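# Summary of structural features
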Protein chains: 2
Amino acid sequence: MSGDVPEPAFKAVSPIDGRHLDGDFVDASSTEIDNVVDHATQAAAAYGRLGKDQVARFLQAAATAIEALGEALIDRVHLETGLPRARLIGERGRTANQLRLFAEVVREGSWVDARIDTAIPDRQPVPKPDVRHVHRPLGPVVVFGASNFPLAFSTAGGDTASALAAGCPVVVKGHPAHPGTAALVAKAIRQAADSTGVPDGVFSLVQGRSFEVGRRLVTHPKIKAVGFTGSFRGGKAVFEYAQSRDEPIPVFAEMGSTNPVFVLPQAAATRAREIAKGLATSVSLGVGQFCTNPGLVFVQRSSSTHLLDDLRENVLVTPPGTMLTAGIKEAYDQGTRRLASTPGVINMATGQPEQGPNQAATVVFKTGLDSFLRHEELAGEVFGPSSMVVECEDKDEMLEAAQTLRGHLTASVHATPDDAQNYRDLLDVLESRVGRLILNGYPTGVEVCPSMVHGGPYPATTVPQSTSVGTNAIRRFVRPVCYQGFSDRLLPDALKNSNPLGIWRLINGRFTRAAVGAEPSG
Amino acid sequence: MSGDVPEPAFKAVSPIDGRHLDGDFVDASSTEIDNVVDHATQAAAAYGRLGKDQVARFLQAAATAIEALGEALIDRVHLETGLPRARLIGERGRTANQLRLFAEVVREGSWVDARIDTAIPDRQPVPKPDVRHVHRPLGPVVVFGASNFPLAFSTAGGDTASALAAGCPVVVKGHPAHPGTAALVAKAIRQAADSTGVPDGVFSLVQGRSFEVGRRLVTHPKIKAVGFTGSFRGGKAVFEYAQSRDEPIPVFAEMGSTNPVFVLPQAAATRAREIAKGLATSVSLGVGQFCTNPGLVFVQRSSSTHLLDDLRENVLVTPPGTMLTAGIKEAYDQGTRRLASTPGVINMATGQPEQGPNQAATVVFKTGLDSFLRHEELAGEVFGPSSMVVECEDKDEMLEAAQTLRGHLTASVHATPDDAQNYRDLLDVLESRVGRLILNGYPTGVEVCPSMVHGGPYPATTVPQSTSVGTNAIRRFVRPVCYQGFSDRLLPDALKNSNPLGIWRLINGRFTRAAVGAEPSG
């Protein structure tokens, strides 16, 4: 190999006007990557054994430090992404709230799934040993920042917050579309680590435009897991690199989806105006750049005349918006051109025209079930503010459509109580295809809470058994370890008899916060 | 392709005397495999929605039906595996107990991880939706029966019991070394399904000697997960087939390990006789055919003279045993010859000589850390009653040895309280390498309980985040689904307001068995 040659520098480019922004960034060299990962590995043992209060303080300090970046952060993100300032202020709030929520989860402590089975020395035919179970961090995690949430799913986003909460050092591969944002946020996290006594190396940022930087990180033998949010192509490549390692590692890749919406007949007939408005808003929200963007809408022809008329009216007045990058805008144009030229597809409505570079207009297409089934690519995601209405003739066609769906993050159903009763079988089919099933709502807007599942069967994600949003996201970055025959002194605090952490534990099959030996009976 | 040609029949061969046993078995054709999987798929929806009491009754009935096979089962397993009858009676008990334990888990019901976050319609800036989370079955699961546990980890073993408990139909690929056992047990499970009203297709057995049968099952598009217990080579092949599918699916492969044992200086000096006896017993138990067989023993030269003398004495009088198949015996002979001929390795003791076909003698080798580090193959598993003692000079060498270890199911440490204090860092290194850490005990003997982790980092398993023994094994075969904005009537019972199942749930962040709205505060 050629050794360590200097890599090309790059600058951030604003999608608003195409100009180069201040600041020079450089693709990380293999030496830099090795150093960063070594640093993270050295920090892993100490960080994995920090008290839960200290980890919680670190996460809270990170939230505060990000907020303290103030206007400078919002200005920079706006320039790098073209996203409106109001949206970015909201997203910053969500980012800080996520960190604080994980701080609460860590401080409460029961997430470690402590389980205790006490010994029965005189059991026949063999004694029962004392066995105790707890979750332990996997080790250094690589997080790929996403372009579409430059704050809430990037450098200090959900993957980073949950991996840090789990006790894993994090190496973020910054998204090249917002390197300045990444650098500002990384500085805030490192300040938070410093101020709370968290070991150096627990958080690092690596920049790079080249895919090679990501490949080196994922294939580094000391990396133990990967969090990724982005395209199917990118996620699949990362997944395959990870599987081809000498030691395959888990890749939690959220690769987007088309988020089918089903409008059932009574709902279409009685709530046409409201549903049409909601759909138009959801399709164009954030210039359609959400992984939960509703890209497919299934209706029945006989019940949806008003609904589609109203949808058309709403779309026609929808203003255009600036997309995240020139590349994303180009892909959107290609995608919508491909949809428009597919036989059997008609353009139902296009929103207000583009007014500047990298702006995209909302567009809604329409087709019948036959064309939809004949042209597999119509079911694929076009990232941006477009959606495809698929007209079905009857319930059977709707069911048939549902059965052809692959894995998605969400499915939404608009239904009156009678509809829901009549389409119980449709709900069952959809349940088997998605992570989140929404009744009379829209997929955009992902609540950060213990019940959230932002995941779903492949190809929506690579691990359908996980979520990347909500408190359960922490579980991705741990594995269970059990201790057999350990004395109290040698056990982790979570498993000591007296329950010094005050957490919920499963003792001999019963949930309790009591100490061992003091469990309630019955 | 050639279409469906008749596949060759085969007979079971007894390892005891090499004779062919009664009964003709046939490699399943691709048509048979398609039919079986279609059948399982059709059953999946109905089975996944059965009431928990009915699933529990089915599992209990399966346990009873297996016990009711009586002596005929024990006779057949003994002939097919050469395992002693007493061991098989014990293993039958464990198999029935596992099914009953999962019946209890299902009946209690809290394993589904029900989570409820209630709506806040007037939250600013956006309303908070009602979101509820529960685990749902993945769909049809293929289970590969293991040769070394013809009952407890084969047709009705831990993988089958946990997948059925999770609500997934199971297709067992019977192990070709015990097809008659597999057929008897399968019949019992189907009887149990019949008698408890469980849909046809929920359980099927497919026989086959050809690896092609397994490949077809794993790559069948309607199969949603795989449980596997066996060799690294077999597990890796299954894993790679599953990853190469259009829709990759999880493969929970437990591929064995060498289960390192560390005897610390004070323990070696003060408990030499007891540890030597325990080790010799553990190495030769079940003719060494356990995935938890201790294949590596690390000692310090200065403290282990008595220990090794005692170990030698114990091994010398250990009787030989019949291995499971001629192929396993051949591989054992090759493996031990390879160890014996590695430079720096000496044969420390060989047990009593073989007395019949396919019998294996216990053998313990010894080497120094230098040779161990120089010859990577010494760290690999030799399936059977052999073990390698590695003499270290001091604590640093022991730590160095531990740091070179890859993933294992278990690590055991023999230590006095002072030893444990002095070797805290060794315990920490071992914890990062295994699923189960044992203090002053032996790895063989895997307790079936909520705290058990029978798993570990790759290459011990393909999913370090799971266990294949114990109640948590059920979690492998489900994924989370959340319901947003659902009315009570449409929600699964586990998530209804009134908590009709009486299970533990996380309501707005608090564990409770109360109904929604009646949670304790504070």
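As the structure is a computational prediction, the values presented were derived from the model and not from experiment. (Residues numbered from 1 in each chain as written. Chains lettered and ligands numbered in written order. Predicted model: local features only at pLDDT ≥ 70, side-chain atom pairs only at ≥ 80, totals over all residues.)

Within chain A, the regular secondary structure consists of 16 helices and 21 strands. For 522 residues, the compact-globule estimate of 2.2 N^0.38 gives 24 Å, and chain A sits close to it at 25 Å. Over its C-alpha atoms, taken along the principal directions, chain A stretches across nearly 75 × 65 × 45 Å. Per-residue burial for chain A yields a buried fraction of 57% across its 522 residues. Sequence separation of 24 or more characterises 74% of the internal contacts of chain A that already satisfy a separation of 6 or more. (Helix = DSSP H or I, 4+ residues; strand = E, 2+ residues; numbered from the N terminus. Rg over C-alpha atoms; globule rule 2.2 N^0.38 Å. Buried ≥ 20, exposed ≤ 12 C-beta atoms within 10 Å, placed from the backbone. Contact = placed C-beta atoms within 7 Å.)

On to the relation of the copies chain B and chain A, then. Superposing chain B onto chain A takes a rotation of 180 degrees combined with a translation of 0.0 Å along the rotation axis, leaving an RMSD of 0.0 Å. This pairing of chains is accounted for by a two-fold axis. Among all residues of chain B, the minimum C-alpha distance to the rotation axis is found for Gln243(B), at 4.1 Å. When the interface residues of chain B are mapped onto chain A, 100% of them are again interface residues, pointing to one common binding face. (Least-squares fit on C-alpha atoms with pLDDT ≥ 70 in both.)

Residue and element names in this part refer to chain A. At their nearest, the axes of helix α3 (residues 70-81) and helix α6 (residues 179-195) sit 8 Å apart, and the two run at 155 degrees to each other. In terms of axis orientation, α3 runs roughly antiparallel to α6. Considering the relative orientation of α3 and α6, their crossing is left-handed. Contacts between α3 and α6 involve Leu73, Arg76, Val77 and Glu80 from the first element and Gly180, Thr181 and Leu184 from the second. (Axes fitted to C-alpha atoms, helices over the stretch in contact; angles between N-to-C directions. Parallel < 35°, antiparallel > 145°, perpendicular 65-115°, else oblique. Left-handed = near helix turned anticlockwise from the far one by under 90°.)

Strand pairing within a sheet occurs via backbone hydrogen bonds; the two strands may be parallel or antiparallel. Strand order in the open sheet formed by 12 strands is β13(A)-β15(A)-β16(A)-β11(A)-β10(A)-β17(A)-β18(A)-β19(B)-β4(B)-β3(B)-β20(B)-β21(B), with mixed pairing between adjacent strands. Single-partner strands in this sheet number two, and they are β13 (346-350) of chain A together with β21 (510-512) of chain B. Taken pair by pair, the neighbouring strands of this sheet meet at an average axis angle of 25 degrees, ignoring direction. Both strand β15 (residues 363-368) of chain A and strand β16 (residues 386-392) of chain A contribute to a ladder of 6 bridges, which runs parallel. Looking across to β16(A), one finds that Thr367(A) is bridged to Val390(A). (Pairing = 2+ DSSP bridges.)

Bringing the interface of chain B and chain A into the picture now. If you look at the interface, chain B gives 50 residues, while chain A gives 50 residues. Contributions of two or more residues to the side of chain B that touches chain A are made by β3 (115-117), β4 (131-137), α16 (424-431), β18 (436-439) and β19 (478-484) of chain B. Looking at the side of chain B that touches chain A element by element, the count peaks at 6 residues for β19(B). By residue class, the composition of the side of chain B that touches chain A is 26 nonpolar, 13 polar and 11 charged. (Nonpolar A, V, L, I, M, F, W, Y, C, P; charged D, E, K, R; others polar.)

Before going further, it helps to spend a moment on the sheet that holds strand β6 (residues 170-173) of chain A. Residue and element names in this part refer to chain A. Reading across the sheet, the 5 strands line up as β7-β6-β5-β8-β9 and stay open at both edges, with parallel pairing between neighbours. The open sheet has two edge strands, β7 (203-206) and β9 (251-254), and neither has a second partner. The average undirected angle you get between the axes of adjacent strands in this sheet is 15 degrees. The pairing of strand β5 (residues 141-144) with β6 spans 4 bridges and is parallel. By the bridge assignment, Phe144 is partnered in β6 with Lys173.

The next subject is the environment of Lys395(B). Residues and elements named next belong to chain B. Within the element layout of this structure, Lys395 appears in helix α14 (residues 395-404). Using a count of 15 C-beta atoms within 10 Å as the deciding quantity, one classes Lys395 as partly exposed. Between the C-alpha atom of Lys395 and that of Asn422, which follows or precedes it by 27 residues, the distance is 9.4 Å.

Let's shift gears to the confidence of the model for chain A. All names here are of chain A. With 98% of its residues at a pLDDT of 70 or more, chain A has an overall mean of 96. Ignoring residues within four places in sequence, the model shows residues 1-6, a span with pLDDT below 50, making 3 contacts including any to other chains. Scoring of the predicted complex yields 0.96 for pTM and 0.96 for ipTM. (pLDDT = per-residue confidence, 0-100.)

Given 3.6 residues to a turn, an α-helix orients residues that are three or four positions apart in the same direction. Residues and elements named next belong to chain A. With 13 residues, helix α10 (residues 272-284) should cover 18 Å at 1.5 Å per step; its first-to-last C-alpha distance of 18 Å lies within 8% of that length. For α10, the complete set of buried residues consists of Ala272, Ile275, Ala276, Gly278, Leu279, Ala280, Ser282, Val283 and Ser284. Positive phi appears at Gly286, one or two residues downstream of α10, with a value of about 60 degrees. (Expected span 1.5 Å × (residues − 1).)

This next bit is on helix α11 (residues 305-316) of chain A. Residue and element names in this part refer to chain A. Spanning 12 residues, α11 covers 17 Å between terminal C-alpha atoms, matching the ideal 16 Å at 1.5 Å per step. What α11 keeps buried is the set Leu307, Leu308, Leu311, Asn314 and Val315. Seen end-on, α11 carries its buried residues on one side only, within an arc spanning 125 degrees. (Arc of directions from axis to C-beta.)

Right, let's get into the environment of Val202(A). Residue and element names in this part refer to chain A. By secondary structure assignment, the location of Val202 is in the loop between α6 and β7. The buried category is assigned to Val202, around which 24 C-beta atoms lie within 10 Å. In the structure, Val202 is positioned 32 residues away from Val170 in sequence and 6.1 Å away in space, judged by C-alpha atoms. Setting aside anything within four residues of it in sequence, one finds Val202 in contact with Ala43, Tyr47, Pro169 and Ala193.

Right, let's talk about the pairing of β6(A) for a bit. All names here are of chain A. The side-chain alternation of β6 yields two buried faces, one formed by Val170 and Val172 and the other by Val171 and Lys173. Between β5 and its parallel partner β6, the chain crosses via helix α5 (residues 158-166), and the hand of that crossover is right-handed. Two strands pair when backbone bridges link them, and β6 and β7 are joined in this way by 4 bridges, in the parallel orientation. Each bridged residue has a counterpart across the sheet, and for Val170 the counterpart in β7 is Phe203. A crossover connection joins β6 to the parallel β7 through α6; in handedness this β-α-β unit is right-handed. (Right-handed = clockwise from strand over helix to strand, strands pointing away.)

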